[in-house]
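Remarks on the overall topology
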Amino acid sequence: MAKDHSGSPKLYQLESKRKRVTWIVGVSGLCIFFYVLGAWQNDRGPRQPAEVYTRVGCEPSTMSSSSSSSGISSSSSVVSMDFESHHQLVVNNTKSSENFSPCALSYSEYTPCQEPQRGRKFDRNMLKYRERHCPNKEELLRCLIPAPPNYKIPFKWPQSRDYAWFANIPHKELSIEKAVQNWVQVEGDRLRFPGGGTMFPHGADAYIDDISELIPLTSGTIRTAIDTGCGVASWGAYLLKRDIIAMSFAPRDTHEAQVWFALERGVPAMIGVMGSQRLPYPARAFDMAHCSRCLIPWSKYDGLYLIEVDRVLRPGGYWILSGPPIRWKTYWRGWERTKEDLKKEQDAIEETARQLCWKKVIEKGDLSVWQKPLNHMKCIKNKSPYICKSPNNADAAWYQNMEACITPLPEVTNSDEVAGGALEKWPERAFAVPPRISSGSIPSITIEKFKEDNKVWSERVTYYKRLIGLLPQGRYRNVMDANAYLGGLAAALTKYPVWVMNVVPAKNEPGDTLGVIYERGFIGTYNDWCEAFSTYPRTYDLIHAGGLISLYQDRCDITYILLEMDRILRPEGTVVFRDVVEVLVKIKSITDGMRWQSRIVDHESGPFNPEKILIAVKTYWTAEPKRE
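Fair warning: this is a prediction, and the values are worked out from it, not measured in the lab.

What follows covers the sheet that holds strand β8 (residues 245-250). Strand order across the open sheet formed by 7 strands is β9-β8-β7-β10-β11-β13-β12, with mixed pairing between neighbours. Each edge of the open sheet carries a strand with a single partner, namely β9 (269-271) and β12 (359-364). Taking the axes of each pair of neighbouring strands and ignoring which way they run, one obtains an average angle of 20° across the sheet. Examined bridge by bridge, β8 and β9 share 3 bridges and lie parallel to one another. Its bridge partner being in β9, F249 is matched across the sheet by M270. Of the strands in this sheet, β10 (286-292) and β11 (313-322) touch helix α7 (residues 304-312), which is tilted by about 140° from β11. Sitting on the sheet, helix α9 (residues 339-355) touches β11, β12 and β13 (367-371), and the angle it makes with β12 is about 145°.

Structure follows, in structure tokens:
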């Protein structure tokens, strides 16, 4: 049994018995029917919470102070349209839609493709058992993942960087295991994140200042970063104030909830591991890569993991390593390893870096920094045997095995030229034409289309501000664009206190645009939406799905895509669907049974556009507490 929460967003719904006025306008022999809404039964203003939601057969609960916000604006300038007769569709179907029951409380932390129990069936070599292993069709859950009984709406950014509610992620393991390293501390009903880490005892801020003395962190040349084995992602959290956005990842392992803590704090992260497969990012994506005692065996498998870092690192990008074996002469006793073993490991890393044509920039204190070359002209001149002779698509990274050879960079005409094209500094980079577009390397996407897309998204976000009243107020922090295309939504949202996970559907070649998104200075990943996303439940505030359901409706059952959105969406979170009316009505018929409240509104260009918008809010409800 589950309980509803009364502090839920208020939505204006069309009532079944409303007055309508109909007229017909002939245009070139084509009759277009308009339904004008007459007297709205609820036109008197926002209803009380009890009028908005139907309870789920449980006792009413009191409204927490953190859960009373509305996700959708009730501005009278935005009127929900009635498509019932106009499109010959039955919006209010007499057949009742499927009502989805809550899953058991034991599923409140369910991560379908990274479940430890399923992973144990796979090979432990190269951490294959920690890679993605998704349930088959017979194993898919057809129920709603519940929030824990005392779940609270997370703190707003920037307070969330340092605090989270313990009830939301009830894990104390890291506060005990990493107590002396200040990863996380439990303080009453809250978790506090002091910004500590294994290799930065004085805090992530001071650690980043040390890095800034070695490479240019504040000039705008470094914008995207990747943190391998990120812990609770304090490094990424404190980079944000320097206008650097990091993709932090760590496996779901014995240190419970590392990535979950990061996302709860409003810091970009996802579940992931360097195992046998490529990271789900395109080539030449990141300006900087980082490992702070991340426990990745860089010297094993003929340097395969460094080779993969090289693939995703931009020409001229930096790789930063702290922790074993760096400064082994000082720390070898504390690391409980022999001098010989640590020296051998560092020698192997240095040799692999040399084979990759990387330059050792500096080793100072606990930090060691290498730089990738601007191009491979010198490597080719030296007839490096390590460059792939017949490489696969360099951007292909969805269930793609790593290659034990260097991914070749695009050709250049001189040794000073940046392979693939130079990038503007941030923030100009966000709206400058990406090199992959200006070079014509992506079919059908021209410079003109890119510029037009930016204009479109500027108009859309202005419209969304009216539809979703709390968008500019900091109510949303973690945003996902589930079908990101060129990253236009992320660019248009740069003035708001949000970050965007740009998701490009896998297997969409030659329409792979994720490399463009990274060239603009944003982050993202590939995902096949017929499978679950690599994150914990309740980790996103706002999901944008433009054309996504149309894209997948012939590939798999869209019900499971919507259930996955429900899993990763926080209570009172919002989903924006853009699609044709027929698809939106189908979506609404499913989400009505998922305790979402929704309405269909016009396209920003007006009622004549066949594309419409469905705004949906996940209601607040939680699992019942266990009874003694």
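That was the structure; now back to the text.
Let's shift gears to the pattern of salt bridges. Inspection of the entire model under this criterion finds 34 salt bridges. Of the charged contacts in the structure, one is a salt bridge between R118 and E139, with a shortest N-O distance of 3.9 Å. Of the two residues, R118 sits in helix α2 (residues 116-119) while E139 sits in the loop between α2 and β4 (163-165), which places them 21 residues apart along the sequence. Here D366 and R327 are joined by a salt bridge, their closest N and O atoms 3.0 Å apart. Of this pair, D366 sits in the loop between β12 and β13 while R327 sits in the loop between β11 and α8 (328-331), and the two are 39 residues apart along the sequence. The structure contains a network of salt bridges with shared partners spanning D205, D209, K241 and R242.

Under the defined criterion, the tally for this structure stands at 6 disulfides. The disulfide bridge from C291 ends at C294, spanning 2.1 Å between sulfur atoms. Of note, the bridge from C291 to C294 carries an S-S torsion of about -95° and is left-handed in sense. The pair C291 / C294 is uniform in exposure class, with both members buried. There is a disulfide in this structure between C530 and C556, and the S-S distance comes to 2.2 Å. Between C530 and C556, the S-S dihedral sits near -90°, and the bridge is therefore left-handed.

The sheet built from 3 strands is open, its strands ordered β4-β6-β5 with antiparallel pairing. What marks the edges here is a single partner per strand, and that holds for β4 and β5 (185-187). The average angle at which neighbouring strand axes cross in this sheet is 30°, direction not considered.

For β13, a buried count of 4 out of 5 residues is recorded, marking the element as mostly surrounded by other parts of the structure. In this structure, β11 lies alongside β13, joined through 5 bridges in antiparallel fashion. Across the sheet, the residue bridging to L321 is S368, located in β13. Direction of pairing for β12 relative to β13: antiparallel, over a ladder of 5 bridges. From the neighbouring strand, K360 faces β13, where its bridge partner is W370. In textbook terms, the turn of a hairpin is the stretch between consecutive antiparallel strands, and for β12 and β13 this stretch comprises 2 residues, one of which, G365, has a positive phi near 60°.

Before going further, it helps to examine the environment of I387. Mapped onto the elements of the fold, I387 is located in the loop between α10 (377-381) and α11 (435-438). Sequence separation between I387 and Q355 is 32 residues, and the spatial gap between their C-alpha atoms is 9.4 Å. I387 has contacts with H376, C379, I380, C405, I406 and P408, leaving out every residue within four places of it along the chain.

Here I543 shows up in strand β17 (residues 540-546). I543 sits in the buried class, given a relative accessible area of 0%. Taking the C-alpha atoms as reference, I543 lies 9.4 Å from V500; in sequence the two are 43 residues apart. For I543, the contacting residues outside a window of four places in its chain are M480, A482, M565, I568, L569, T574, V575 and V576.

To continue, consider the packing of aromatic side chains. Aromatic ring pairs are described here by two measures, namely the spacing of the ring centres and the angle between the planes. What the rule picks out here adds up to 19 aromatic pairs. A ring pair is formed by W260 and Y536, whose centres lie 4.9 Å apart and whose planes are at 5°; its orientation type is stacked. Within this pair, whereas W260 is found in helix α6 (residues 258-264), its partner Y536 is found in the loop between β16 (523-527) and β17, the two being separated by 276 residues in sequence. One exposure class covers both W260 and Y536, and it is buried. With centroids separated by 6.4 Å and ring planes inclined at 85°, the aromatic side chains of F533 and Y540 adopt a geometry described as edge-to-face. Residues F533 and Y540 agree in their burial class; the two are buried. Aromatic ring contacts, followed pair by pair, group W298, W319, W358 and W370 into a single cluster. The ring of W157 carries R477 above its face, with NZ or CZ at 3.7 Å from the centroid.

Definitions and cut-offs
Residues numbered from 1 in each chain as written. Predicted model: local features only at pLDDT ≥ 70, side-chain atom pairs only at ≥ 80, totals over all residues. Heavy atoms only, no water. Pairing = 2+ DSSP bridges. Helix = DSSP H or I, 4+ residues; strand = E, 2+ residues; numbered from the N terminus. Axes fitted to C-alpha atoms, helices over the stretch in contact; angles between N-to-C directions. Contact = heavy atoms within 4.5 Å. Salt bridge = Lys/Arg side-chain N within 4 Å of Asp/Glu carboxyl O. Disulfide = S-S within 2.5 Å. Buried < 20%, exposed > 50% of the residue type's maximum accessible area, 1.4 Å probe, protein only. Phe/Tyr/Trp six-rings, centres within 6.5 Å; stacked < 30°, edge-to-face > 60°. Lys NZ or Arg CZ within 6 Å of the ring centre and 35° of its normal.

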